[in-house]
Amino acid sequence: MLKIKNFTKIYANGKVGAKDLNIEVAPGDICAFIGPNGSGKTTTIRCIVGTLDFNEGEILIDNISVKQDPLACKKITAYIPDNPDIYNTLTGIEYLNFVAAVYNISPADRDARIKLYAEKWNLYQDLGAMIKSYSHGMRQKLVLISAFMRNPKLLVLDEPFVGLDPQASFILKEVMNDFVKNGGAIFYSTHVLEVAEKICNKVVIIKNGTIIKSGAMKDIKADKSLEEVFLNA
Amino acid sequence: MRNIYLLTKNYLISGLGGLRGKRSRVKGTLGFGVIVLLYVALFALLTYCQMLFTKGYADTGLTALVLGTGYVMGIFLTVCFAFQTITGGQRANDTELLLAMPIKKSEIMVAKALSRYLLNLIIVILTIVPSIVAFMAYTPFSGVALIGNVVTVLMIPLLTVGLSYIIDFITTLCLPNFKYGNVVKAIFTISLLIALVFVYEYLMFNLDPIIMLRTVNYLLAFNPWFMLTLIGGAVAIFALGVGLFTILMNREARTYATKTVKFVSKKTTPFCSLLKNETNRYLNSTVLMINTLLGPIAIVAFSIWLLFDPFNPLLETLGLDNNGLCFIIMALFSGMTILTYPTAFSISLEGKQFWILKSMPIKQTTVLSAKGVFGVLLLSPLMTICSIVLECIKHFDVLYFISLLLVPVAINVIVAFGGVLINLLFPKFNAESDAAVIKQSMSSFIMMLGGMVLVGLLGYLYFELITSSLPIIWALLIPLIIIVLLAVVVVTLTLTLGKRIFKRL
């Protein structure tokens, strides 16, 4: 579903964001992308979802090149950034209607999916309020709803659990599991290693823009905890 | 005092830093240099025009009257500018951070007020100082007169900033808080501005010249009572305004919420959805509407006013027939158009939400088109309707009517799409508030000054062609063709060059 080949991103000031990364995420995978602050996780994610250009290599989503056909890639990808900055001057439902219109979701599907996910995350009664009155967690939930309602093939998440209450986090894990069981793929960055250990079947550890460990979770961990592997990497 | 100094310095540095637009220092310095150059050029042009105007009165001994009219116009323009900083109670993004620091709320407020004062002072210098320079050039030098003028120039921004805070307090606390309450707040503020226009018109055309002359002479003679009243009044209004705004800062923000969850039943295209999104965001932002609704409301107000034939004496004096009114209407409509440029900060206002547009499966040209078309739809339909109504009543000749219909619309298209392009070149994503984006961004300044230059050049072209020996048909067609072609060029540039810039942002 997601193939990153020899991906390199060097910023205009010479800083290396990522160097020669090779990552593969197949349908049914939940891949954790972990690394210290400033290691290149957000850079990589932004290049995958098309908000940042890159220098070398190839990123393919469902065998479509992000550089050659970015629109087709964006149609099948849902991105949730680490900071849910969304339009303060809209209500929750206005924002969801906007996203649904852009992704060409039929009114019937949209209504059903919004109701489903909004009720799951206990946000339905707040959809009529202005987003500026939402807490961080509520905005995060709204962005999650907007992502899942599109039925994407690839989910790219940057620190998705930050700001969510325990119930919402539990629901997110369930939804993620259902998503991959239905053939989707998830690529997400996180600092919460215990959750990554439980739900991910793949892991990629990045440091200073290069991959230092990558593979199946059980192989990378062996008989240690992911935290120990990360700290000793 | 130290905190006030630090905060004011911080606001000025971040404001100037915001003028940089792109991160590159060279480009930022160049861009800032362009702004300064344009400001100086405009100041020089206005001073030159004022000198010519004053020269005509130099022999009559009525130069003080000319100075007086300069003050009235300058105060009016500065008040208009100050009113556009009214936010309707919207808190700046840095307020939370500052309130968590060991800084008093009053110190934050005074620093904000001081930085706003300095911005207003820049406008006062541009609008009033040319009159003062012209006056001093044609009258014997008087140190007292100079000091009187300097003190008055320094007091006017205090007055205008104080007034804007007082109006902000009234709009925030006294007006309703329903979904489109911002529209009401914006219309209320702009109605006050329109009322000011009529007060200004009365002062300029109906006030007994003896009264104005006497007032100006008090200023020039540094009459103690006059100056004390002026200084005391300005300081008092400023202090009251700051005090009231501090009360607002302490108040909990109230936002609109409804229990009804409204789903949209029809499918729409991404373009329509983006356009609707722009409209929703516009209608929910008081500060944005206040800064851009003056044009549309003024166009309607002027059109109604024109039905009462206020310019008939002027047309008779100039020996023009009914068609001459077309030029006045074109000038008014074009003037309002260049004051209405919401697209010049539409990219910047995306702010931290820019990732939404970047990550969506929408073509860059669709995004840019939606923003440009929004700017056009804000004014052009209204101008078209007003032009048609005026034509039905005034019966202009065909070519005059076509010019009246197309020229302001073409200028609107240039301003709307040009604004998008300029904002792409000079985006400001990390401002502390929407007001900072709208009033203190480089794209805003360039658009404002560029618009004035565009309309000024077009007016000059019309003047040269009409007073030349060319047949009137060519005098009307040539500027029309030029402006329409320019509109096509600007739209094309925005959708081609703009697309590449958007991709890199």
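Residues numbered from 1 in each chain as written. Chains lettered and ligands numbered in written order. Predicted model: local features only at pLDDT ≥ 70, side-chain atom pairs only at ≥ 80, totals over all residues. Heavy atoms only, no water.

A. Spotlight on the overall build of chain B. When you go through chain B residue by residue, the secondary structure sums to 20 helices and 0 strands. For chain B, long-range pairs separated by at least 24 residues make up 85% of all intrachain contacts whose partners lie at least 6 apart in sequence. With the model as given, the accessible surface of chain B reaches about 23,400 Å², and the carbon-plus-sulfur share is 72%. (Helix = DSSP H or I, 4+ residues; strand = E, 2+ residues; numbered from the N terminus. Contact = heavy atoms within 4.5 Å. Areas by Shrake-Rupley, 256 points an atom, 1.4 Å probe, with all protein chains shown as cover.)

B. Layout of the overall build of chain A. On a plain count of helices and strands, chain A comes out with 9 helices and 10 strands. In chain A, which comprises 233 residues, the share counted as buried stands at 55%. By sequence separation, contacts in chain A at least 24 residues apart represent 67% of the contacts at least 6 residues apart. (Buried < 20%, exposed > 50% of the residue type's maximum accessible area, 1.4 Å probe, protein only.)

C. Fine view of the interface of chain B and chain A. Taken together, the contacts link 34 residues of chain B with 39 residues of chain A. Roughly 3,400 Å² is buried in total at the junction of chain B and chain A, and carbon and sulfur atoms are behind 63% of that figure. Counting every contact that joins chain B to chain A gives 0 salt bridges. Here chain B and chain A share 5 residue pairs in polar contact (both at pLDDT 80 or more) between them. (Buried area = accessible area lost by both parts, 1.4 Å probe. Salt bridge = Lys/Arg side-chain N within 4 Å of Asp/Glu carboxyl O. Polar contact = N/O pair within 3.5 Å; in protein donor to acceptor, adjacent residues only side chain to side chain.)

D. Examining the pairing of strand S4 (residues 56–61) of chain A more closely. All names here are of chain A. Pairing of strand S1 (residues 2–10) with S4 involves 5 bridges; the strand directions are antiparallel. Each bridged residue has a counterpart across the sheet, and for Thr 8 the counterpart in S4 is Glu 56. Bridging between S4 and strand S5 (residues 64–65) involves 2 bridges; their strand directions are antiparallel. Within the sheet, the bridge partner assigned to Ile 61 lies in S5 and is Ile 64. Counting the residues that bridge the hairpin from S4 to S5 gives 2 residues, and of these Asp 62 lies at a positive phi of roughly 55°. (Pairing = 2+ DSSP bridges.)

E. Spatial organisation of the sheet that holds strand S7 (residues 154–158) of chain A. All names here are of chain A. Strand order in the open sheet formed by 6 strands is S6-S7-S8-S3-S9-S10, with mixed pairing between adjacent strands. Each of the sheet's edge strands pairs with one partner strand only, and the pair in question is strand S6 (77–80) and strand S10 (210–216). Sheet twist, expressed as the average angle between the axes of neighbouring strands with direction ignored, equals 15°. Of the strands in this sheet, S6 and S7 are in contact with helix H5 (residues 136–148), which crosses S6 at around 175°. Relative to strand S8 (residues 185–189), helix H6 (residues 166–181) is tilted by about 140°, and along the sheet it contacts strand S3 (30–34), S7 and S8. (Axes fitted to C-alpha atoms, helices over the stretch in contact; angles between N-to-C directions.)

F. Structural view of a positive patch on the surface. Judged by side-chain charge, Lys 67 and Lys 75 of chain A together with Lys 363, Lys 499 and Lys 503 of chain B come together as a positively charged surface patch. Tracing the chain through its elements places Lys 499 of chain B in helix H20 (residues 472–504). (Patch = residues over 30% accessible without salt bridge, like charges linked within 9 Å, V, L, I, M, F, W, Y side chains within 5 Å. Lys, Arg positive; Asp, Glu negative; His and termini not counted. Charge placed at Lys NZ, Arg CZ, Asp CG, Glu CD.)

G. Summary view of the confidence of the model for chain B. Residue and element names in this part refer to chain B. Taken residue by residue, chain B gives an average pLDDT of 81. The fraction at 70 or more is 84%. Averaged over each element, pLDDT in chain B is lowest for helix H4 (residues 95–99) (62) and highest for helix H17 (residues 398–425) (94). Across residues 21–26, where pLDDT falls below 50, the model places 6 contacts with residues more than four positions away in sequence or in other chains. (pLDDT = per-residue confidence, 0-100.)

H. Structural view of the packing of aromatic side chains. All names here are of chain A. Taken as a whole, this structure holds 17 aromatic pairs over all chains when the rule is applied. Cluster of aromatic residues (ring-pair linked, three or more members): Tyr 117, Trp 121, Phe 148 and Phe 179. Sitting over the face of the ring of Tyr 11, Lys 9 holds its NZ or CZ atom 5.1 Å from the ring centroid. Looking at Lys 67, its charged tip hangs above the ring of Phe 54, at a distance of 4.5 Å from the centre. (Phe/Tyr/Trp six-rings, centres within 6.5 Å; stacked < 30°, edge-to-face > 60°. Lys NZ or Arg CZ within 6 Å of the ring centre and 35° of its normal.)

I. Up close: the sheet that holds S4 of chain A. All names here are of chain A. Spatially, S2-S1-S4-S5 is the arrangement adopted by the 4 strands of the open sheet, whose pairing is antiparallel. Both edges of this open sheet fall to strand S2 (16–25) and S5, since each of them pairs with a single strand only. Strand contacts of helix H1 (residues 41–48): S1, S2 and S4, with the helix running at about 120° to S1, the strand carrying the most contacts.

J. The arrangement of the confidence of the model for chain A in detail. Taken over all residues, the pLDDT of chain A has a mean of 88, while the share at 70 or more is 100%. For chain A, helix H9 (residues 226–232) of chain A is the element with the lowest average pLDDT, namely 79, and S8 of chain A is the one with the highest, namely 94.

K. Seen up close, the side chain of Gln 353 of chain B. Counting through the fold element by element, Gln 353 of chain B comes out in the loop between helix H14 (324–338) and helix H15 (354–359). Residues in contact with Gln 353 of chain B, not counting those within four places in the same chain, are Asp 85, Ile 86 and Tyr 87 of chain A.

L. Representation of the side chain of Thr 366 of chain B. Residues and elements named next belong to chain B. For Thr 366, the location among the structural elements is in helix H16 (residues 364–394). Here Thr 366 falls in the buried class, since its relative accessible area comes to 17%. Contact partners of Thr 366, with chain neighbours within four places excluded, come to Phe 271 and Leu 274.

M. Up close: the environment of Cys 31 of chain A. All names here are of chain A. For Cys 31, the position within the fold is in strand S3. When its relative accessible area of 1% is taken as the criterion, Cys 31 is described as buried. Not counting residues up to four positions away in its chain, the partners in contact with Cys 31 are Val 25, Ile 186, Phe 187, Tyr 188, Cys 200, Lys 202, Val 203 and Val 204.

N. Up close: the packing of H14 of chain B against H17 of chain B. Residues and elements named next belong to chain B. At a minimum axis separation of 9 Å, H14 and H17 run at an interaxial angle of 15°. By the angle between their directions, the pair H14 and H17 is classed as roughly parallel. Taken as a pair, H14 and H17 cross one another with a handedness that is right-handed. Contacts between H14 and H17 involve Cys 326, Phe 327, Ile 329, Met 330, Phe 333, Ser 334, Thr 337 and Ile 338 on the former and, on the latter, Tyr 400, Phe 401, Ser 403, Leu 404, Val 407, Pro 408, Ile 411, Asn 412 and Val 415. (Parallel < 35°, antiparallel > 145°, perpendicular 65-115°, else oblique. Left-handed = near helix turned anticlockwise from the far one by under 90°.)

O. Structural detail: a nonpolar patch on the surface. All names here are of chain B. Judged by side-chain polarity, Val 300, Ile 304, Leu 307, Phe 308, Ile 385, Val 389 and Ile 393 come together as a nonpolar surface patch covering roughly 640 Å² of accessible area. Among the secondary structure elements, those contributing two or more residues to the nonpolar patch are helix H12 (294–306) and H16. Among the elements that make up the nonpolar patch, the one with the highest residue count is H16 (3 residues). Mapped onto the elements, Val 389 comes out in helix H16.

P. Focus on unusual backbone geometry. Residue and element names in this part refer to chain A. Phi angles above zero are rare outside glycine, and Asn 151 is one such case at about 50°. The class of Asn 151 is partly exposed, set by a relative accessible area of 49%. Look at Asn 208: it is not a glycine, yet its phi comes out positive at around 50°. Checked against the element boundaries, Asn 208 lands in the loop between strand S9 (202–207) and S10.

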